[in-house]
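Topology and contacts: notes
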Amino acid sequence: MNLINHDSVVKRMKPRLSKNSISKWIFFALTMFVLLILGVLLYRIFSQGLGYLDLQFLQSLPSRKPENAGVYAALIGTIWLMAVVAPVSLLLGVGTAIYLEEYAKENAITNFIKVNISNLAGVPSIVFGLLGLTVFVRALAFGTSVLAAGLTMSLLVLPVIIVASQEAIRAVPNQLREASFGLGATKWQTIVRIVLPAAIPGILTGGILALSRAIGETAPLVVLGMPLFLAFLPKTFFDMITVLPLQIYNWTGRPQAEFHALAAAGIIVLLVMLIIMNSIAVLIRNKFQKRY
Amino acid sequence: ACGAQGTEGNKEQAGEETKQLQGEIKIDGSSTVFPIMEAVVEEYGMTQPEVKVSVGSSGTGGGFEAFIAGETELSNASRPIKDEEAAALKEKGIDYTEVQLAYDGLSVVVNKDNDWVDSLTIEDLKKIWVEDGTTKKWSDINPDWPAEEIKLYSPGTDSGTFDYFDEVILDGQPIVEKATLSEDDNTLVQGVQGDKNAIGYFGYAYYAENKDTLKIVPIDGGEGPVEPTNETIESGEYSPLSRPLYTYVKNSAIKDQEEVYDFVKFLLENASTLSEDVGYVKLPEEEYTKQLETLETLK
Amino acid sequence: METTTATAKIINPQEKQIVYKTSDLDLWYGDNQALKKINLDIMENEVTAIIGPSGCGKSTYIKTLNRMIELVPGVRTSGEIVYRGKNILDKSYQVEELRTKVGMVFQKPNPFPKSIYENVAYGPKIHGIRDKKVLDQIVEKSLRGAAIWDEVKDRLNQNAYGLSGGQQQRLCIARCLAIEPDVILMDEPTSALDPISTLKVEELVQELKKDFSIIIVTHNMQQAARISKKTAFFLNGEVVEFSETNKIFSTPEDKRTEDYITGRFG
Amino acid sequence: METTTATAKIINPQEKQIVYKTSDLDLWYGDNQALKKINLDIMENEVTAIIGPSGCGKSTYIKTLNRMIELVPGVRTSGEIVYRGKNILDKSYQVEELRTKVGMVFQKPNPFPKSIYENVAYGPKIHGIRDKKVLDQIVEKSLRGAAIWDEVKDRLNQNAYGLSGGQQQRLCIARCLAIEPDVILMDEPTSALDPISTLKVEELVQELKKDFSIIIVTHNMQQAARISKKTAFFLNGEVVEFSETNKIFSTPEDKRTEDYITGRFG
Amino acid sequence: MTNQNTNSFSVQKMIQEKKKKKSAGGITEKIMPYILFLTAAVSVLTTIGIVLTLIFETFLFFDAVSIKEFFTAKKWYPFSETEGSFGILPLVMGTLKVTVIAAIVAVPIGLASAIYLSEYASDRARRIIKPILEVLAGIPTIVYGFFALTFVTPILREIIPSLEIFNALSPGIVIGIMITPMIASLSEDAMTSVPNAMREGALALGSTKFEVAIKVVLPAAISGIIASIVLGISRAIGETMIVAVAGGSTPNLEWNLTSSIQTMTAYIVQVSQGDAGYGTTIYYSIYAVGMTLFVFTLVMNLLAQYITRRFREEY
Ligand SMILES: Nc1ncnc2c1ncn2[C@@H]1O[C@H](COP(=O)(O)OP(=O)(O)OP(=O)(O)O)[C@@H](O)[C@H]1O
Ligand SMILES: Nc1ncnc2c1ncn2[C@@H]1O[C@H](COP(=O)(O)OP(=O)(O)OP(=O)(O)O)[C@@H](O)[C@H]1O
Ligand SMILES: [Mg+2]
Ligand SMILES: [Mg+2]
Ligand SMILES: O=P([O-])([O-])[O-]
């Protein structure tokens, strides 16, 4: 009683194999399609903006004359913003991840925190803008300062960092924890000396993704009412700043075509920052290369 | 009348008369006024580098919100202050002075290929823009014009530009529902450029930058068709579609903070040149002089 | 190495003492009982082997001896394990202290993703020893003790994962020696190693028993026969037989022991 | 079950044929040679065991027999493996087809995260069998063949990961039987199982050899002795000895074989 | 073992001494869990903050506009001098149109790329492509907005002449493109983490790579994949600048994809940038819309969590 006819199995082989190779090409083509569109996007930006991109552009404050205008204030502002977002979101995010992965017991509260985090990841950024406006700008009276914008952005990107860190921490093999405990290390020693170093590459990847998002967000800052033109640079975290995406947004809204080209140049600056951040992450990832 | 020279002259004066000032000035409000204020602050920074001025662009309404909350010293507006806002300021005990900076001429434009419209009256505009339940064709306005549907492009309903248009043309009646609205005037320009049956309106500067690709519609306000130009707007001939742009200043700030007084003074002295620089139309000179005199009384 | 004996041993250098006295130990994973009424006396400065088929509770038992078993959620125990006079299953017993006295070597070599030096120095460091000179001495001494010094002395700052499996395992032993434990627990330390590395580790165990009490789990009966003084045969969570190794392998008392060591099952 | 013999076997029902003829097989992982000049003839409807210490190349060899080894990047081979008259190492040989004829059971049970039914039906389905009735028959027959039908017949729609390790392994065997292979390769199929499950799988292998050619890798020499007809002893990528199992275990020719099976190393 | 250097010290003795000296370590050990719990509580506080922020102003809004009108009226026209009309349906419609289009673009392409990267691509290709996707995920959305308006819309207008300059189609497609890298990258992670043993099991039964990907890996990774899709769609729902630039600002209830729209998010920026006076109904309306948006994404996330729990294939 042969239930399987091996001849027909052999006959069906050919269509299955062609299906396999066709779908491989489709998958490949779609991947390339995305990259192609993004290539077109980049080409347009670069061809428009490259002409305006020079040292003077990087060193100048905004100006009514396109040829004098630059991104200096916005660039410095963005760096200040990152100086708030990076430590705050990393501390909170990694702390939460450690709590959830290493300490939390399986109970209703833990579960609630987890559901809450995955929900937060889906809350529109503009809603965070409303939160920041009410809580940081108004209630805590930080005004439209670096601090208010930074804290708003930190909360916005927090879920990304938490999830990435959780995964990185979970990926650290238990054997390493056991080895450390076996030597009499306490839990916190084990976390600080063994788990976190081993999880750093994953945490950094998440951190970079989160910062990449924070660096390019416009809508929540618009809602916060951040200033657009500053004739000075911040000195403390309570000073006001403007940031690249807002500057870009403003330039694109101007009537003069030169400003649109300036916006493109600003986008290039932003992209370069993104690429630098990503490369740093890759470097660190390689340095901490884990092999277990 | 003399742009760069004016500012330089001022710089020299500053060197002689006034010491270097310090302090912070926060300005927020209309995005329409923003370019003027940006230009003023840019120039002011050269004479008083230690005065830290920030300019926001939260919209006229958003600006007043911050002004009422006491967060700003100056609030830019593309329309006069509303009664509610004035009342709220009064309640907070904030006295203010209205300063006119320049004019913006709302420009009504059609597609370059539109060869039938030569001018429109206020009544025509009303007919075109007010919703009445019908689909409007050019031939409904003038039987000689083609029986094609009119495509309308208008700034977003929450902008100062729309507000002004609403006031003088729509008179509170709803705008045609099928009108395409956008917050970004550049995209309106593109809309009209790409659509033969289009009509749109937006700030003068956006027309001025796109003269070659748009056709301007002279407006007949009762005394014959007038095209918006710097001259016709400044003289008030282009009426009623030209509107003044404002900034509102907190009186107590002028009194207590020398740098605010100094800044407003600088503003009034240079607004004429700088507003033209960024695409708006200056007020007649005497308007600035008058306001400078008022300023002295507030000091 | 002769001088590194812990204080407790010095008191009575002549006769051997009991290191671990297990009495009526029961252990459950949730509802599943993995150890049943275990009674075992383990003597100091000997190698005690634990053999038995897969799943019989060898790992569970050995992990109870340094309370690593607590890492598994839902584990419950009853009974007593007295180590050097104190019941370690007592909640008040400091696990960290226990684990600095009782070292452990695992089935799969598990060095930290750090340099060789840092691996060995890890234990002393977490216990507060910061002095670089002292650390250097400890590292050298421990690596020598684990018979791997000559192979790694020129590459102490390289990542431990560059070592072969057998070297990694000896590194793990060195890491455990660095805190000068009293007892060393080994859970199938050679099952992931090739024959030559296995031989080296076995020789090392013979060497170490002079100074340490060693408890080793193995599923390789030949290994148990080769290196241990006493052997416990576990089956389904019970100790079926526990006596001198040569007795177990030549004249086992229990039929099941005989079946197992003659390869009739397992 | 008696009728499931594949066509090739019917031609010469009397005398046993060679299923796999391996000639001068060399295999490199990158620069590291894992198999060296392997020559082995494997007969049909027999159990052939492959033993040897860890790392000697057992898994590598068995994975070459269905070309699963190709999944490792950078693998190169030379030599020939002739299966049923054709060299399977030929690039033109269709791997998918080879693998429908040569089933494989892995060291760790690896059921799909699907229902028990879907696990077994997976193979027939991808090969185009859609008829629910036929599938039902295949599933039952295969589960019976793997001696697990009675344990799972009431929970066919439950997730396979609810089964115990031993049941999972038999399910994997059923999954492999469902496509009615000619040869079954088993890589340490019981090393992750408890003694009772091991016993069940061993009995199953005895049953299956009536219909299939079976090649089994094991590090458990007792197991090899219990179930196989012939045994190959691998060491460092070479076949040291290959002959009847009882001969290997009683009178090995090579000194190294003897050392290994008497537990002198490994 | 030589003992030239062992006479001098006993590590255990040193350890015991250190133990006695410092008891601070014990305190860290005790308080750390609480500190970490507090950091974890921040995310809960954030949610509470969002709800509180929105709810007060939303109540003020509902003083002026009835809840019934808000959810049933078919017109959103708040800026009228006389009496505004506050029916949120047109804004919801705008959001839905854009989101559905984005999902139709992003889900198949994203999954295809994920499958390509995790099942077919060489290690090298993966290492090159993934970081590129990650960088692209950081391009400010305003840039995508102008890309939609000045590149995609003109091309689409060649194909569909009746397409208006502001429409739902173009921003929908561009949002789809924007979230594709995210779906691809996260789904790829989920698929890569499916144990190789499963792929081997399937290949050993004679499966082609395609069959392995579709019938084994995809179902096994489904919960991660759904999570990535939900996150992508949440992004699409919450996306602001692209629709504000390329979608127009005309709320309407039509099904038509070629005409101008407004989404909930675009409305919020419109008002936050615009002219509405503080304390007016319009001003409060952005909080009511924000609340709706929040509830929208909340429901979707909970639904997705329910679905993943239902369909998760445990292993
Ligand atoms: N974490 C756990 N949770 C639940 N049950 C467990 C756990 N670990 C082990 N068990 C069960 O406890 C029993 C004993 O397991 P243990 O690991 O001690 O066996 P072992 O003798 O070490 O086996 P092996 O030789 O395979 O390592 C087994 O039945 C096992 O299934
Ligand atoms: N993917 C791989 N890449 C490089 N080398 C490998 C790989 N897999 C195995 N090897 C090497 O090939 C040799 C043979 O390995 P193989 O897995 O075949 O051994 P084995 O006999 O199956 O051992 P075990 O009993 O541990 O399973 C070993 O030296 C191993 O290090
Ligand atoms: Mg074990
Ligand atoms: Mg193997
Ligand atoms: O920013 P507005 O000028 O439109 O109020």
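Brief notes about the interface of chain D and chain E
Tallying the contact residues gives 23 residues for chain D and 20 residues for chain E. Between chain D and chain E, the buried area comes to about 1,800 Å², and carbon and sulfur atoms account for 64% of it. Of all residues in chain D, the largest losses of buried area upon contact with chain E belong to Pro113(D), Tyr122(D) and Ile126(D), amounting jointly to 30% of the total for that side. The interface formed by chain D and chain E holds zero salt bridges in total. Our enumeration of links across chain D and chain E arrives at three residue pairs in polar contact (both at pLDDT 80 or more). For the side of chain D that touches chain E, the secondary structure elements donating two or more residues are α3 (95-101), β6 (102-105), α4 (116-126) and α7 (165-177) of chain D.

A word on the interface of chain E and chain A
Taken residue by residue, the interface counts 71 residues in chain E and 75 residues in chain A. Taken together, the two surfaces of chain E and chain A that pack against each other cover about 6,500 Å², and 74% of this comes from carbon and sulfur. Our enumeration of links across chain E and chain A arrives at one salt bridge. With a closest N to O distance of 2.6 Å, Glu211(E) and Arg16(A) form a salt bridge. At the boundary of chain E with chain A, the tally comes to 13 residue pairs in polar contact (both at pLDDT 80 or more). The element that contributes the greatest number of residues to the side of chain E that touches chain A is helix α2 (residues 24-64) of chain E, accounting for 17 residues.

Structural notes on the sheet that holds strand β2 (residues 32-43) of chain C
Residue and element names in this part refer to chain C. The antiparallel open sheet is built from four strands, whose spatial order is β2-β1-β4-β5. Sheet topology places β2 and β5 (86-87) at the edges, where each strand pairs with a single neighbour. Note: strand β1 (residues 18-29) against β2, eight bridges, orientation antiparallel. Along β2, the bridge assignment pairs Lys21 with Asp41. Strands β1, β2 and β4 (75-83) of the sheet are contacted by helix α2 (residues 58-65), whose axis makes an angle of about 125° with β1.

With respect to the site of ligand 5
As a matter of local geometry, ligand 5 sits amid Ser30(B), Ser31(B), Thr32(B), Gly59(B), Thr60(B), Ser78(B), Ser159(B), Gly160(B) and Asp275(E). Proximal residues around ligand 5 fall on chains B and E, making this an inter-chain site. At a separation of 2.5 Å, an oxygen atom of ligand 5 approaches a polar side-chain atom of Ser30(B). Within the side chain of Thr32(B), a nitrogen or oxygen atom sits 2.4 Å from an oxygen atom of ligand 5. Considered on its own, ligand 5 offers 200 Å² of accessible surface; in the complex 96% of this is hidden by protein. Partitioned by chemical class, the residues of the shell around ligand 5 number no nonpolar, eight polar and one charged.

Looking at the side chain of Glu241(C)
All names here are of chain C. On the secondary structure map, Glu241 appears in strand β10 (residues 238-244). Look at Glu241: it is buried, it has no salt bridge, and the nearest opposite charge is Lys247 at 4.4 Å. A distance of 3.0 Å separates the side chain of Glu241 from the backbone nitrogen of Asp254, its partner in a polar contact. Beyond its immediate sequence surroundings of up to four residues, Glu241 is in contact with Thr231, Ala232, Phe233, Lys247, Ile248, Pro252, Glu253, Asp254 and Thr257.

Focus on the sheet that holds strand β14 (residues 281-282) of chain B
On the basis of which strands lie adjacent, the open sheet formed by seven strands has the order β1(A)-β2(B)-β1(B)-β3(B)-β13(B)-β4(B)-β14(B) and mixed pairing. With one partner strand each, in any of the chains shown, β1 (227-230) of chain A together with β14 of chain B form the two edges of the open sheet. In the sheet, strand β1 (residues 23-29) of chain B pairs with strand β2 (residues 51-56) of chain B via five bridges, with the strands oriented parallel. From the neighbouring strand, Ile25(B) faces β2(B), where its bridge partner is Val53(B). Running over the sheet, helix α13 (residues 285-298) of chain B touches β4 (96-105) and β14 of chain B and is turned about 165° from β4(B).

Quick notes on the pairing of strand β7 (residues 151-155) of chain B
Residues and elements named next belong to chain B. With four of five residues buried, β7 lies mostly within the body of the structure. Bridge analysis of β7 against strand β8 (residues 180-182) gives three bridges, and the strand direction is parallel. Within β8, the position partnered with Ser154 by the bridge is Leu181. Once the chain exits β7 it traverses helix α7 (residues 160-170) before rejoining the sheet at β8, and the crossover so formed is right-handed.

Quick notes on the packing of aromatic side chains
Inspection of the entire model under this criterion finds 40 aromatic pairs over all chains. On the basis of an interplanar angle of 65° and a centroid distance of 5.3 Å, the ring pair of Phe61(E) and Phe62(E) is categorised as edge-to-face. Look at Phe61(E) and you get buried, because its relative accessible area is 0%. A relative accessible area of 21% means that Phe62(E) is categorised as partly exposed. Seen from their ring centres, Trp76(E) and Tyr267(E) are 4.9 Å apart, and the 90° between their planes marks the pair as edge-to-face. Of this pair, Trp76(E) sits in strand β1 (residues 76-77) while Tyr267(E) sits in helix α12 (residues 264-273), and the two are 191 residues apart along the sequence. The class for Trp76(E) is buried, based on a relative accessible area of 3%. By way of ring pairs, the aromatic residues Phe61(E), Phe62(E), Phe70(E), Phe71(E), Trp76(E), Phe86(E) and Tyr267(E) are connected into one cluster. Directly above the aromatic system of Phe112(C) lies the positively charged group of Arg175(C), at a separation of 4.4 Å from the ring centroid.

As for helix α4 (residues 116-126) of chain C
Of all 11 residues making up α4(C), nine are buried, and the element is well covered by its neighbours. Three or more residues of α4(C) are buried, namely Ile116(C), Tyr117(C), Asn119(C), Val120(C), Ala121(C), Tyr122(C), Gly123(C), Pro124(C) and Ile126(C). Contacts made by the buried residues of α4(C) are with α7 (174-182) and α8 (187-216) of chain A together with α5 (132-145), α6 (149-152) and α7 (165-177) of chain C.

Some remarks on the nonpolar core
Membership of the largest hydrophobic core comes to 454 residues, with the highest contact counts inside it found for Tyr20(C), Leu143(C), Tyr20(D) and Leu143(D). Not counting residues up to four positions away in its chain, the partners in contact with Leu143(D) are Ile116(D), Val120(D), Ile148(D), Trp149(D), Val152(D), Leu156(D), Leu171(D) and Ala174(D). In this structure, Ile68(B), Ala77(B), Ile81(B) and Ile94(B) belong to the second largest nonpolar core, which totals nine residues.

A word on the arrangement of the chains
Looking across the eight pairs of chains in contact, one finds the most contacts between chains A and E. Note that chain B does not reach chain C: the shortest distance linking a C-alpha of one to a C-alpha of the other is 51 Å.

Considering the packing of helix α4 (residues 108-120) of chain A against helix α6 (residues 146-171) of chain A
Residues and elements named next belong to chain A. Relative to each other, α4 and α6 sit at 125°, their axes nearing to 9 Å. Taken together, the axes of α4 and α6 are oblique relative to one another. Seen from above, α4 lies across α6 with left-handed handedness. Contact residues: Lys114, Ile117 and Leu120 in α4; Pro159, Ile162, Val163 and Gln166 in α6. The class makeup of the residues in the contact of α4 with α6 is five nonpolar, one polar and one charged.

Here's the deal with the domain arrangement of chain E
Residue and element names in this part refer to chain E. The assigned domain composition of chain E is domain 1 (2-63) and domain 2 (72-311). Here domain 1 and domain 2 have C-alpha centroids that lie 38 Å from each other. The partner domain 2 presents nine residues to the 10 residues of domain 1 that form the contact. Of the roughly 910 Å² buried between domain 1 and domain 2 on both sides combined, carbon and sulfur atoms contribute 88%. Applying the counting rule to domain 1 against domain 2 returns zero salt bridges. On the surface where domain 1 and domain 2 come into contact, there are one residue pair in polar contact (both at pLDDT 80 or more).

A closer look at unusual backbone geometry
Following Ser239(B), the chain continues into Pro240(B) via a peptide bond in cis, with omega recorded as 5°. If you trace the backbone, Pro240(B) turns up in the loop between α10 (230-235) and β13 (242-250). Positive phi, normally seen in glycine, also occurs at Arg84(C), with a value near 45°. When you line up the elements, Arg84(C) lands in the loop between β4 and β5. Of note in this structure, Arg67(D) is not a glycine but carries a positive phi near 60°. Following the sequence through the fold, Arg67(D) ends up in the loop between α2 (58-65) and β4 (75-83). On the basis of relative accessible area, Arg67(D) is assigned to the buried category, the value being 6%.

Examining the packing of helix α3 (residues 72-103) of chain A against α6(A)
For any two helices packed against each other, one specifies the crossing angle of their axes together with the interaxial distance. Taken N-terminus to C-terminus, the directions of α3(A) and α6(A) make an angle of 35°; their axes are 6 Å apart at the nearest point. Here α3(A) and α6(A) pass one another in a crossing that is right-handed.

Observations regarding the confidence of the model for chain A
Residue-level pLDDT values for chain A average 87, and 98% of them are 70 or greater. Mean pLDDT in chain A bottoms out at β1(A), which sits at 83, and peaks at α3(A), which reaches 93.

Cut-off values and rules
- Counting restarts for each chain: residues are numbered from 1 in the order of the written sequence.
- For this description, chains carry letters from A and ligands carry numbers from 1, given in the order in which they are written.
- Owing to the predicted nature of the model, reporting of local features is limited to residues with pLDDT of at least 70; listing and counting of side-chain atom pairs is limited to 80 or more, with chain, interface and lining totals taken over all residues.
- Excluding hydrogens and water, the side-chain values take into account all heavy atoms of the structure.
- Two residues qualify as a contact provided that any one of their heavy atoms is within 4.5 Å of a heavy atom in the partner residue.
- As used here, buried area is the combined drop in accessible area, with a 1.4 Å probe, of two parts when they are placed together.
- Any Lys or Arg side-chain nitrogen located within 4 Å of an Asp or Glu carboxyl oxygen qualifies as a salt bridge.
- Counting of polar contacts relies on pairs of N or O atoms within 3.5 Å, with two restrictions inside protein: one atom must be capable of donating a hydrogen and the other of accepting it, and residues adjacent in sequence are counted only when both atoms are side-chain atoms.
- Strands are runs of DSSP state E lasting at least 2 residues, helices are runs of H or I lasting at least 4, and numbering of each runs from the N terminus.
- Following DSSP output, two strands are said to pair if at least two bridges run between them.
- Whenever a helix is involved, its axis is fitted only over the stretch in contact; in every case the axis is a line through C-alpha atoms, and angles between N-to-C directions fall within 0 to 180 degrees.
- Throughout this document, a residue counts as near a molecule or strand when at least one of its heavy atoms sits within 4 Å of that molecule or strand.
- Calculation of accessible area relied on Shrake-Rupley with a 1.4 Å probe; when residues are assessed, cover is drawn exclusively from the protein chains displayed.
- Charged residues are taken to be Asp, Glu, Lys and Arg, nonpolar residues to be Ala, Val, Leu, Ile, Met, Phe, Trp, Tyr, Cys and Pro, and polar residues to be all remaining types, Gly included.
- Only protein chains enter the area calculation, which uses a 1.4 Å probe; residues under 20% of their type maximum are buried, those over 50% are exposed, and those in between are partly exposed.
- Counting rule applied: Lys, Arg positive; Asp, Glu negative; His and chain ends not counted.
- Orient the strands so they point away from the viewer, and a crossover whose first-strand-to-second-strand path over the helix runs clockwise is right-handed.
- A pair of aromatic rings is counted whenever rings of Phe, Tyr or Trp (Trp by its six-membered ring) have centres within 6.5 Å, and the orientation is called stacked for planes under 30 degrees apart, edge-to-face for over 60 and tilted otherwise.
- Any Lys NZ or Arg CZ found within 6 Å of a ring centre and within 35 degrees of that ring's normal is scored as a charge over the ring.
- Side-chain atoms within 4.5 Å are what join buried Ala, Val, Leu, Ile, Met, Phe, Trp, Tyr and Cys residues into a set we call a nonpolar core.
- Working rule for angles: under 35 degrees goes down as roughly parallel, over 145 as roughly antiparallel, 65 to 115 as roughly perpendicular, anything else as oblique.
- Crossings are assigned a handedness: left-handed for a near helix turned anticlockwise from the far helix by less than a right angle, right-handed for a clockwise turn.
- Annotation comment: domain bounds sourced from an automatic or database domain assignment.
- In predicted models, pLDDT denotes the confidence assigned by the predictor to each residue on a 0 to 100 scale.

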